[in-house]
Amino acid sequence: FRGVTRRRRRNGANPSNQGVPTTRSKARFTAMTVSVVIADDDPQIRDMWADWLELLRGIEVVGRASNGEEAIERILELKPTFAMIDRSMPPGDGITAIRSVRAGGYTGPCVVVSGEDGEGADESDLADVHYVSKASGPSALATFLDGMGW
């Protein structure tokens, strides 16, 4: 600031910098590992999403589930960065699984993979849920991942 001077102490220390280290930190930054649990009742779809995420995005698939109950177990146990859940997986649908993992304390984003576009009327209460149409394939998922900075 023009005309503003900081008063130094007799020992040369600047009073406004008290407690601030004078040497640079030697900490190194590491890239964040993004992980996912994929839940879909169709093993070919699970494998397709897993291959795409691992090979093209470098995202670690830490778990796979074939139904809603398994999805709840894997997500709460493994705590992935995000979860991909098919909307309809008997027994138990993906939306019920998301509600259960939210109740269990999981706060990461959930991607609902569906044959339809957008959320249903009974899903408006869900926080941090994103929708990907199976018809749009990896392009819609790429948009989500880009938006998250992954």
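### Brief notes about the side chain of Arg46
Move 1: Checked against the element boundaries, Arg46 lands in helix H1 (residues 43-57).
Move 2: For the buried Arg46, no salt bridge is present, and the opposite-charge side chain at shortest range is Asp47, 5.4 Å distant.
Move 3: Each residue touching Arg46, except ones within four places of it in the same chain, is listed here: Ile38, Asp40, Asp41, Arg64, Ala65 and Ser66.

### Topic: helix H3 (residues 94-103)
Move 1: Residues of H3 that are buried include every one of Gly94, Ile95, Ala97, Ile98 and Val101, and no others. Considered in projection along H3, the buried side chains sweep an arc of 155 degrees and stay on one side of the axis.
Move 2: Considering only its buried residues, H3 is in contact with helix H2 (68-78), strand S3 (82-86), strand S4 (110-114) and strand S5 (129-133).
Move 3: Put simply, Asp93 is the residue that caps the front of H3, since its side-chain oxygen is 3.0 Å from the backbone nitrogen of Ile95.

### Here's the deal with the packing of aromatic side chains
Move 1: Within the structure shown, the criterion is met by three aromatic pairs.
Move 2: For the ring pair Phe144 and Trp150, a centre distance of 6.1 Å and an interplane angle of 80 degrees mean the geometry is edge-to-face.
Move 3: Clustering of aromatic rings is evident, with ring pairs tying together Phe82, Phe144 and Trp150.

### Observations concerning the side chain of Asp86
Move 1: In this fold, Asp86 is placed in strand S3.
Move 2: By relative accessible area, Asp86 is classed as buried at 2%.
Move 3: If we skip the residues at most four places from it in the chain, Asp86 touches Ala39, Asp40, Asp41, Gly94, Val113 and Lys134.

Rules used in this analysis
- Residues numbered from 1 in each chain as written.
- Predicted model: local features only at pLDDT ≥ 70, side-chain atom pairs only at ≥ 80, totals over all residues.
- Heavy atoms only, no water.
- Helix = DSSP H or I, 4+ residues; strand = E, 2+ residues; numbered from the N terminus.
- Buried < 20%, exposed > 50% of the residue type's maximum accessible area, 1.4 Å probe, protein only.
- Lys, Arg positive; Asp, Glu negative; His and termini not counted.
- Salt bridge = Lys/Arg side-chain N within 4 Å of Asp/Glu carboxyl O.
- Contact = heavy atoms within 4.5 Å.
- Arc of directions from axis to C-beta.
- Polar contact = N/O pair within 3.5 Å; in protein donor to acceptor, adjacent residues only side chain to side chain.
- Phe/Tyr/Trp six-rings, centres within 6.5 Å; stacked < 30°, edge-to-face > 60°.

Remember that the coordinates give geometry; whether it matters functionally is a separate question.
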